[in-house]
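Fold and geometry: a report
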Amino acid sequence: MNAREIEQAYAAARKVYADCGVNTETALAALETVPLSLQCWQGDDVGGFELAGAALSGGGLAVTGNYPGRARTPRELRDDLEKALALIPGRHRVNLHSTYGEFGGEYVPRDSFRPDHFRGWVDWARERGLGLDFNATLFAHPLAESGYTLSHSDQKVRRFWIEHVKRCREIGAWMGEELGTPCGHNLWIPDGSKDETVSRRLRREILRESLDEIYTTTFPRAALKDSVESKLFGIGLESFVVGSHEFYLDWSRNQDVMMCLDMGHYHPTESVAEKISALLTFREELLIHVSRGVKWDSDHVVLFNDELVTLMQEIVRADGLDRVHLALDFFDASINRVGAWVTGARATLKALLFALLEPTERLREREAAGDGFGRLAWLEECKALPLGAVWNEFCSRGRVPAGTEWIEAIRADEARLRERR
Ligand code: RNT
Ligand code: ZN
């Protein structure tokens, strides 16, 4: 598709939307302001660069597949991120786990991580105008093996993890200050158990104490934005997860800490989209981990499907675009990893554009008039409006490939990845 074809198709689409009362220029302008946070861990199967760490183990997460080309060094990972970002329209952020520091060939225990271990990332991000987000890492570690970290009953183990999270929040705040854009620090812990657990209340009391201690330290909001992420179950954590939705919802109510809702962390028929308006009634901000659950997996590459579209509609309809942060969270080692990033990120932005192009005012009028049929019929008509033409225009303005060209760009990059062993 050449520039002229994109332009012509867009001009026609603009008219179709205008006839429905939608201004495509307003939608494009809004979409441009939305950053996605790209998860570094898609590039190396949640491996990280800790000497002892290497591969992900336990902790309720599982990465499957052995497609060639896994990034093995920070340099390779940054190269791959750049390749991905060059195919995603808009200005975005990079989300790091603490185990992705540059530790100079030395084993640094997690309770001793420091900002200078992340100097290389910050310099890189600054040069490219990217914001950074950050995550404490409480899995893939001998002290997480028992299945408990911040809710561990052994005081020594618990201290280790409390200290780790404290250091990660400090590092995050430092990143936010260095880059002049608040760093989102998200906390997810794998605590829980495969089978019937009797002392559930005890575990939750311990977790509460740990959190209370960690979050007494506060940082300027311009530097750090905290969030806590709940989960229903994980692999090997089928019966009990300490940090459940209700637990964090209640705990964070009186804290300056956002809820993080991961789209793969709820009952399969439970809608994360439906929670947006409830949470925005009481909270200033939220974090969404954009993911796709497939049966018992919660981390498939995101696609433009009903869950994603409904989520975006709820954010837009609730006027929550600047209060809901979007971070991608999936990892697939069975396909080209750069391709996975780009597929998920483009799907997310395209779903958001779909929501921004909704004739919401018309729908609200129908609704207010009690015209249920009219509302349904209009919702149905929206599905066949020329989204693709507006999307291509967005890509073209953002100087990234429109149409299917990005697929060829991923293929052309295969040889570079295959050299890695
Ligand atoms: C795990 C959570 C968490 C992780 C990342 C790697 O179930 O979704 O967000 O995916 O921290
Ligand atoms: Zn998540």
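This write-up is about the structure you can find in this document. Fair warning: this is a prediction, and the values are worked out from it, not measured in the lab.

Points about the coordination of the zinc ion (ligand 2)
Only E229 (OE), D262 (OD), H289 (ND1) and D329 (OD) from the protein coordinate the zinc ion (ligand 2), and they sit 2.1 Å from it. In this structure, the zinc ion (ligand 2) is surrounded by 6 donor atoms whose angles at the metal cover 71 to 169°, and the resulting shape is octahedral. Sequence spacing of the donor residues for the zinc ion (ligand 2), all on one chain, is E-x32-D-x26-H-x39-D. Of this pair, E229 sits in strand β6 (residues 224-229) while H289 is found in strand β9 (residues 286-290), placing the two residues 60 residues apart along the sequence. Residue classification places E229 among the buried residues on the basis of a relative accessible area of 3%.

Observations concerning the site of ligand 1
In the vicinity of ligand 1, the contacting residues are W41, L61, H97, W188, E229, K231, D262, H265, H289, D329 and F331. Side-chain polar atom of H97 to an oxygen atom of ligand 1: 2.7 Å apart, as the coordinates give it. With respect to ligand 1, the side chain of K231 contributes an N or O atom lying 2.6 Å from an oxygen atom. In isolation ligand 1 exposes 310 Å². Once the protein is present, 99% of that is buried. Comparing atom positions with the cavity grids shows ligand 1 to sit within the largest cavity. Partitioned by chemical class, the residues of the shell around ligand 1 number 4 nonpolar, 3 polar and 4 charged.

Some details on the pairing of β9
Of all 5 residues that make up β9, 5 are buried, and the element is covered over most of its length. Burial of the side chains of β9 extends over both faces: L286, I288 and V290 are buried on one face and L287 and H289 on the other. Judged from the 4 bridges that link them, strand β8 (residues 257-262) and β9 form a sheet pairing that is parallel. If you follow M259 over to β9, its bridge partner there is L286. For the handedness criterion, the β-α-β arrangement of β8, helix α8 (residues 273-282) and β9 is classed as right-handed. The sheet contact formed by β9 and strand β12 (residues 324-328) spans 5 bridges and is parallel. Residue I288 lies in a different strand from β12, and its bridge partner there is L326.

Regarding the environment of E405
Along the polypeptide, E405 turns up in helix α14 (residues 405-412). For the pair E405 and T181, spaced 224 residues apart in sequence, the C-alpha to C-alpha distance is 32 Å.

What to know about the packing of α8 against helix α9 (residues 306-317)
The packing of two helices is summarised by the inter-axis angle and the distance between the axes. Between α8 and α9, the least distance of the axes is 8 Å, while the angle of their chain directions is 20°. Judged by the angle between their axes, α8 and α9 are roughly parallel. Remark: the crossing between α8 and α9 carries right-handed chirality. In contact with A273, I276 and S277 of α8, α9 contributes T310, L311, E314 and I315. A class-by-class count of the residues in the contact of α8 with α9 yields 4 nonpolar, 2 polar and 1 charged.

Conventions we followed
- Residue indices follow the written sequence of each chain, beginning from 1 at its first position.
- Whichever chain is written first is A, and whichever ligand is written first is 1; the rest continue in order.
- Reporting in this predicted model follows two pLDDT cut-offs: at least 70 for local features of residues, and 80 or more for side-chain atom pairs to be given and counted; totals over whole chains, interfaces and linings ignore these cut-offs and use all residues.
- As a rule here, side-chain values cover all heavy atoms of the structure and leave hydrogens and water aside.
- Coordination shells were defined by N, O and S atoms within 2.8 Å of each metal, extended to 3.2 Å for Na, K and Ca; water is absent from the atom set, which can make sites look incomplete.
- Note on geometry labels: four donors, all angles 85 to 135 degrees, give tetrahedral; four donors become square planar and six octahedral when opposite donors are over 155 degrees apart and every other angle is between 65 and 115; remaining cases are irregular.
- Secondary structure is summarised from DSSP: a helix means a run of H or I of at least four residues, a strand means a run of E of at least two, and numbering begins at the N terminus for each.
- For every residue, the accessible area (1.4 Å probe, protein chains only) is compared with the maximum for its type, and the residue is labelled buried under 20%, exposed over 50%, or partly exposed between those bounds.
- Think of it this way: one heavy atom of a residue within 4 Å of a molecule or strand is enough to make that residue near it.
- As used in this structure description, the phrase polar contact means that two N or O atoms lie within 3.5 Å; if the pair is within protein, one of them must be able to donate a hydrogen and the other to accept it, and residues adjacent in sequence are counted only when both atoms belong to side chains.
- Here, Shrake-Rupley sampling with a 1.4 Å probe gives the accessible areas, and only protein chains in the shown set may cover a residue.
- For cavity detection a 1 Å grid was placed over the protein atoms alone, and a set of points counts as a cavity when a 1.4 Å probe fits there but cannot get out; an open set counts as a pocket when protein lies on both sides within 12 Å along at least five of seven lines, with lining residues being those that have an atom within 4 Å of a point.
- Placement in a cavity or pocket follows one criterion, namely that more than half of the molecule's atoms lie within 2 Å of its grid points.
- Under the scheme applied here, ten amino acids are nonpolar (Ala, Val, Leu, Ile, Met, Phe, Trp, Tyr, Cys and Pro), four are charged (Asp, Glu, Lys and Arg), and all others, including Gly, are polar.
- Each pair of strands is called paired provided DSSP finds at least two bridges between the two strands.
- Handedness rule for crossovers: strands pointing away from the viewer, path from the first strand over the helix to the second running clockwise, crossover right-handed.
- For helices, the fitted line uses only the C-alpha atoms of the stretch in contact; every axis is such a line through C-alpha atoms, and the angle between N-to-C directions lies from 0 to 180 degrees.
- Should an angle fall under 35 degrees it is called roughly parallel, over 145 degrees roughly antiparallel, and 65 to 115 degrees roughly perpendicular, with every other angle called oblique.
- Crossings are sorted by hand: turned counterclockwise from the far helix by less than a right angle, the near helix makes the crossing left-handed, and turned clockwise it makes it right-handed.
- Should any heavy atoms of two residues lie within 4.5 Å, those residues are considered in contact.

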